[in-house]
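Spelled out from the first residue to the last, the chains are:
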Amino acid sequence: MCHHCVMETVKSRMLSRRELFIGSAAVAGVATLAATLAPRPLFAQAAPTRAIDLTHEIHPGFPTFDGQQQFFLEPKYEIASDGYNLNYWRLEEHMGTHIDAPLHFSEDGRSVAELEASELVCPLVVVDIREKADGNADAQLTPDDLGAWISANGDIPDGACVAMLSGWGRHVDGDMFRNADEAGAMHFPGFHVEATNMLLEQTRTVAIAVDTLSLDHGQSADFAVHYSWLPAGRYGIECVANLEELPASGATIIVGAPKVRGGTGGPARVFAMV
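Residue indices begin from 1 for each chain and proceed along its sequence in written order. The predicted nature of this model means local features are confined to residues of pLDDT at least 70 and side-chain atom pairs, given and counted, to a pLDDT of 80 or more, with totals for whole chains, interfaces and linings taken over all residues. With hydrogens and water stripped out, all remaining heavy atoms of the structure feed into the side-chain values.

A. Focus on the overall build of the protein chain. Helix and strand labels come from DSSP, where a helix needs a run of H or I of at least four residues and a strand needs a run of E of at least two; each type is numbered from the N terminus. Counting its secondary structure elements, the protein chain contains eight helices and 13 strands. In this scheme, a residue with accessible area under 20% of its type's maximum is buried, one over 50% is exposed, and one in between is partly exposed, where area comes from a 1.4 Å probe on protein chains only. The buried share of the protein chain, reckoned over its 274 residues, is 49%. Of the contacts formed within the protein chain by residues at least 6 apart in sequence, a portion of 75% connects residues at least 24 apart. In the structure as shown, the protein chain presents an accessible area of about 12900 Å², 53% of it carried by carbon and sulfur atoms. Here, two residues are considered to be in contact whenever any of their heavy atoms come within 4.5 Å of each other. Only the protein chains shown count as cover for residues, with accessible areas throughout obtained via the Shrake-Rupley method and a probe of 1.4 Å.

B. Expanded view of helix H6 (residues 143-153). Every buried residue of H6 is accounted for by Asp145, Leu146 and Trp149. End-on, the buried residues of H6 take up no more than an arc of 100 degrees, which puts them together on one face. The outward face of H6, more than 90 degrees from its buried face, is lined by the exposed residues Asp144 and Ser151. For H6, the secondary structure elements touched by its buried residues are strand E5 (121-128), helix H5 (130-135), strand E6 (140-141), strand E7 (161-165) and helix H7 (193-202). Following H6 by one or two positions, Gly154 adopts a phi angle in the positive range, close to 95 degrees. The arc in question is formed by the directions pointing from the helix axis toward the C-beta atoms.

C. How the structure looks around the sheet that holds strand E11 (residues 251-256). Taken in spatial order, the nine strands of this open sheet run E1-E13-E11-E5-E7-E9-E10-E4-E12, and their pairing is mixed. Only two strands of the sheet have a single neighbouring strand rather than two, namely strand E1 (51-53) and strand E12 (265-267). With strand direction ignored, the average angle separating the axes of adjacent strands in the sheet is 25 degrees. Examined bridge by bridge, E5 and E7 share five bridges and lie parallel to one another. The residue bridging Val125 from the neighbouring strand is Val162, located in E7. Sheet contacts for H6: E5 and E7; angle to E5, the most-contacted strand, approximately 110 degrees. Paired strands are those between which DSSP finds at least two bridges. Structural elements are reduced to axes, namely lines fitted to C-alpha atoms, with helices fitted over the stretch in contact, and the angle between N-to-C directions of any two is expressed from 0 to 180 degrees.

D. Structural detail: the nonpolar core. If you look at the biggest cluster of nonpolar residues, it comprises 30 residues, and the most contacted ones within it are Leu54, Leu124, Tyr235, Ile237, Leu246 and Ile253. When contributions to this core are tallied by element, the ones reaching two or more residues are E5, E7, strand E9 (207-210), strand E10 (235-238), E11 and strand E13 (269-273). Among residues more than four places away in sequence, those in contact with Leu246 are Ile52, Leu54, Leu124, Val126, Ala272 and Val274. Listed in part, the 23 residues of the second largest apolar core include Phe105, Trp149, Leu215 and Trp229. Among buried residues, those of type Ala, Val, Leu, Ile, Met, Phe, Trp, Tyr and Cys that are joined through side-chain atoms within 4.5 Å constitute a nonpolar core.

E. Structural context of H7. Inspection of H7 places Ala195, Thr196, Met198 and Leu199 among the buried residues, and these make up the whole buried set. For H7, the arc enclosing every buried residue in end-on projection is 150 degrees, short of the 170-degree limit, so these residues lie on one face. On the buried face of H7, the contacting elements are E6, H6, E7, strand E8 (190-191), E9 and helix H8 (224-229).

Encoded structure:
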């Protein structure tokens, strides 16, 4: 789908949280989960010993959803002539390893600056779908995958970030990361809306994360996950790196979200404590 078509789809379906949830039991889900969660230890482990970087390096050639360059670095001052180095950055909010704030797909959702610090330090759930993604670029994380994780590891912790490990991060330096066909449709894994609905209805998950370009799988034309997850007051993280270095459970993710007033998201430094 072209970038213009994407934007038109977003604008035509833009809903306020009030419109989306009025008359529904899900109204309570719109409130900040951090305000309702019982106090919990910030770290899943008593004494973490390693920090794993989950962030891809941003550069002008980093792959983007629309295939166009979205990061530009321009020197303003240089040490040879000015005594110090300083660059201008020009970038789109949603590129590189970045946050999708609730405002990204809702009329009046919280901006990235309004995410609470307690929502950005989370128990990390890593759901491994690499086996089916290896055989199917359009694979999606489904309720069955969540059920298998729960059977093996126990309940999803309150306040968790649930991450999809598809193995797609290994393609980040090539065309396979977008994996666009001749018609321009992309093919990469993502969450199935039934899985995110399960998280909304049955857990107190605050965030989801993917190692691909989008919370929705590449072929999605309706952004069903974005339109259900973000307006519910939750956030997402896209283009996460190095999830394969983490255990299925027991790690803590720390999300360095940019505190930009009115921002719909932004590049973030994300790491896990193990």
